[in-house]
Amino acid sequence: MPAVYLKEGARRLVEAGFLTIYSKWVDYTVGAVRGGFADIYLGDECIGSGFYEDIGAVGVRILSNECGVDPRETIHGALDRALRLRRLLAPWDSYRLVNAEGDFLPGLVIDVYSDVVVVQTSSLGFDRHLDIVVDWVTEHLSPRLVFLKNDQRSRREAGLPVERRVLKGRGPAEARIREGQAKFWVDVEHGQKTGFFLDQRINRLKLGKLVWSGASILDLYSYTGGFAIHALLAGAEKAVLVEESPVAVKAAEKNLAINGVRDKAKIVVGRVEDFLRRELEKYDIVVADPPALIPGREHRGSGINAYRRLYEAAARHVKPGGLLVASSCSYFLRQDEFLQLLGRAVRSAGREATVIWMHGASPDHVSRPQDDFLRYLKVVIMRLE
Ligand SMILES: C[S@@+](CC[C@H](N)C(=O)[O-])C[C@H]1O[C@@H](n2cnc3c(N)ncnc32)[C@H](O)[C@@H]1O
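Throughout this document, residue positions are counted from 1 along each chain, in the order its sequence is written. Selection of residues for local features in this predicted model requires a pLDDT of at least 70, selection of side-chain atom pairs for listing and counting requires 80 or more, and totals for whole chains, interfaces and linings are taken over all residues. Each side-chain value is worked out from all heavy atoms of the structure, with water and hydrogens disregarded.

(A) Geometry of the packing of aromatic side chains. Side-chain rings of Phe, Tyr and Trp, where Trp is taken by its six-membered ring, are said to pair if the distance between their centres is within 6.5 Å; with planes under 30 degrees apart they count as stacked, over 60 as edge-to-face, and otherwise as tilted. A full pass over the atoms with the stated rule returns 9 aromatic pairs. With 4.6 Å between their ring centres and 5 degrees between their planes, Tyr5 and Tyr28 make a pair best called stacked. On the criterion of sequence distance, the pair formed by Tyr5 in strand 1 (residues 3-6) and Tyr28 in strand 3 (residues 26-30) is long-range, its members being 23 residues apart. In textbook terms, an aromatic cluster arises when at least three aromatic residues are bridged by ring pairs, as seen for Tyr5, Tyr28 and Tyr41. Only DSSP runs of H or I covering at least 4 residues are called helices, and only runs of E covering at least 2 are called strands; the numbering of each starts at the N terminus.

(B) Just the sheet that holds strand 11 (residues 163-169), in detail. The strand order across the open sheet built from 5 strands is 7-8-9-10-11, with neighbouring strands paired in mixed fashion. Pairing within the sheet leaves two strands with one partner each, and these edge strands are strand 7 (94-99) and strand 11. For this sheet the average axis-to-axis angle between neighbouring strands, irrespective of direction, equals 20 degrees. DSSP-based pairing: two strands are paired if at least 2 bridges between them are found. Note: strand 10 (residues 145-150) against strand 11, 6 bridges, orientation antiparallel. The residue of strand 11 that forms the bridge with Phe147 is Val166. Fitted lines through C-alpha atoms give the axes, limited to the stretch in contact for helices. The angle between two N-to-C directions lies from 0 to 180 degrees.

(C) Examining the site of the ligand more closely. When we say a residue is near a molecule or strand, we mean one of its heavy atoms is within 4 Å of it. Close to the ligand lie 17 residues, the nearest being Gln192, Arg204, Glu243, Val272 and Asp289. Nitrogen and oxygen atoms within 3.5 Å of one another constitute a polar contact, given that in protein one can donate a hydrogen and the other can accept it, and given that sequence-neighbouring residues count only through two side-chain atoms. In this structure, an oxygen atom belonging to the ligand sits 2.9 Å away from a side-chain N or O atom of Gln192. In this structure, a nitrogen atom belonging to the ligand sits 3.2 Å away from a main-chain N or O atom of Glu244. Only the protein chains shown count as cover for residues, and the accessible areas themselves come from Shrake-Rupley with a 1.4 Å probe. In the complex, the protein chains occlude 94% of the 610 Å² of accessible area that the ligand would expose alone. When residues are grouped by polarity, Ala, Val, Leu, Ile, Met, Phe, Trp, Tyr, Cys and Pro land in nonpolar, Asp, Glu, Lys and Arg in charged, and all others, Gly among them, in polar. Residue composition of the shell around the ligand, grouped by class: 7 nonpolar, 4 polar and 6 charged.

(D) Region of the structure containing the pattern of salt bridges. The salt bridge criterion pairs a side-chain nitrogen of Lys or Arg with a carboxyl oxygen of Asp or Glu, the two atoms within 4 Å. Evaluation of the coordinates by the stated rule reveals 29 salt bridges. Across the pair Glu244 and Arg271 runs a salt bridge, and its minimum N-O distance is 3.5 Å. Here Glu244, found in the loop between strand 15 (238-243) and helix 8 (246-258), pairs with Arg271, found in the loop between strand 16 (265-269) and helix 9 (272-278); they are 27 residues apart in sequence, far enough to count as distant. When the shortest N-O distance is used, the salt bridge between Arg334 and Glu337 registers 3.7 Å. Accessibility expressed as a relative area gives 15% for Glu337, which makes it buried. Remark: exposure states derive from per-residue accessible area (1.4 Å probe, protein chains only) relative to the maximum for the residue type, with buried under 20%, exposed over 50%, and partly exposed in between.

(E) Geometry of the layout of surface pockets. Throughout, the protein atoms alone are placed on a 1 Å grid, and a set of points is a cavity if a 1.4 Å probe fits but cannot get out or a pocket if it is open with protein on both sides within 12 Å along at least five of seven lines; lining residues have an atom within 4 Å of a point. Grid points are joined across faces, edges and corners, and a volume is the space filled by probe spheres set on the points. A volume near 430 Å³ is recorded for the second largest pocket. Lining the second largest pocket are 21 residues; nearest its centre among them are Tyr331, Asp372, Arg375, Tyr376 and Lys378.

(F) Representation of the state of the cysteines within the structure. Throughout, disulfides are identified as pairs of cysteine sulfur atoms within 2.5 Å of each other. Summed over the entire model, instances satisfying the criterion amount to 1 disulfide. Cys46 shares a disulfide with Cys67; S-S distance 2.1 Å. Of note, the bridge from Cys46 to Cys67 carries an S-S torsion of about -110 degrees and is left-handed in sense. Here Cys46, found in strand 5 (residues 45-55), pairs with Cys67, found in the loop between strand 6 (58-64) and helix 2 (71-89); they are 21 residues apart in sequence, far enough to count as distant. Judged by relative accessible area, Cys67 falls into the partly exposed class, the value being 32%.

(G) Structural context of the nonpolar core. Within the largest apolar cluster, 40 residues are counted, with the highest numbers of intra-cluster contacts made by Tyr113, Val188, Leu207, Ile217, Leu241, Leu256 and Ile285. Here this core gets 5 residues from one element, more than from any other, and that element is helix 7 (residues 226-233). These domain limits were set by an automatic method or by a database of domain assignments. Each of domain 2 (71-172) and domain 3 (197-384) contributes no fewer than three residues to this core. Excluding its chain neighbours within four sequence positions, the residues that come into contact with Leu207 are Ile217, Phe227, Ile285, Val287, Leu323 and Val325. Buried Ala, Val, Leu, Ile, Met, Phe, Trp, Tyr and Cys residues that are joined via side-chain atoms within 4.5 Å together make up what is termed a nonpolar core. Counting residues in each nonpolar core, the second largest holds 32 residues, with Tyr307, Tyr311, Ala326 and Phe338 among its members. Contact between two residues is taken to exist if any of their heavy atoms lie within 4.5 Å; hydrogens are not considered.

(H) Quick look at the domain arrangement of the protein chain. What the domain assignment reports for the protein chain is domain 1 (3-64), domain 2 (71-172) and domain 3 (197-384). Computed over C-alpha atoms, the centres of domain 1 and domain 3 are 40 Å apart.

(I) Up close: the environment of Gly35. Inspection of the secondary structure puts Gly35 in the loop between strand 3 and strand 4 (36-42). Sequence separation of Gly35 and Trp136 is 101 residues, and the distance between their C-alpha atoms is 20 Å. Aside from chain neighbours lying at most four places away, what touches Gly35 is Phe51, Tyr52, Glu53, Leu124, Gly125, Arg128 and His129.

See the structure below:
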């Protein structure tokens, strides 16, 4: 069996259960090829097996705590466990089936959108072993289409090829899904991430439960209309969506139409910052779900300021007694910092707030205790006086 030998310095990471080990902790290899399966050693003890990566900053991805195992059996075993868990946690037509480390499959994400399965990898090992994944998906889910959505910026930065292509099946890379009462059309190929922000499902459904009849909603960074559509289906009378991506706006128009609420919504194509500066109207509900405003540790200062400006401006647009839905998907902003920041932003807007909901990603986005980086999403719903 090919072998990768780690430096002594990797011990604390291995003992803590981290599954992605950086290249700087790889000492030497014996017979290992990049993207191939290997036993992993610390000193003369074999601590597990996985992919030898040596791509970007990543040295190895640990896929098993056992040595000498068969890659196909190991990956299929983890996929079986992931599916069993989703049958309990997410008995829906669309869900995250594999959440990387959370499912002991570091470097792999699989999202299911009814009859379309989207595979996304950030690992040379999984790139080279896609057939193992596709065989399992075909046998257990029988989808119409298995699509590879490997177009993340992180892949380009790591030197992995950027590509979107059909792995198996036929027909367009798009799907119709249900989320509670709402229906969404998901453009897997041209949409962001794997096509839809599945992580926000639980928070969108929650907002639907809090909406009152006749309410108005301002959905900032609306993407394909998720929050606004739930609000309209729950009785809201009017929605304004603000989104800068023309692809997302096209999908939002389609989603509003298939839910029968197109006439209650207006879409503003442009930047949220500009919209908030010129908008004078106040709304019963304002949602602010921006992209990560702190993309890296080095952007913390400017990102925190950007969040504070956004939430303050958003709070100014909430009517007395209305709701502010504030979200942050920046891993580099901890939950306690997020709450403090929200408190300050809301007070700067001259408002008092009561927190009525606080949540992370939907439960299908599983993580292990040590995988802090998978718990990036923070959503708070506040009533503002
Ligand atoms: C996290 S997603 C929102 C997801 C959405 N709330 C949902 O539930 O599907 C952020 C969205 O903001 C858009 N966006 C990014 N920067 C923007 C800006 N400055 N103004 C308007 N939209 C922006 C992106 O195109 C993306 O669709």
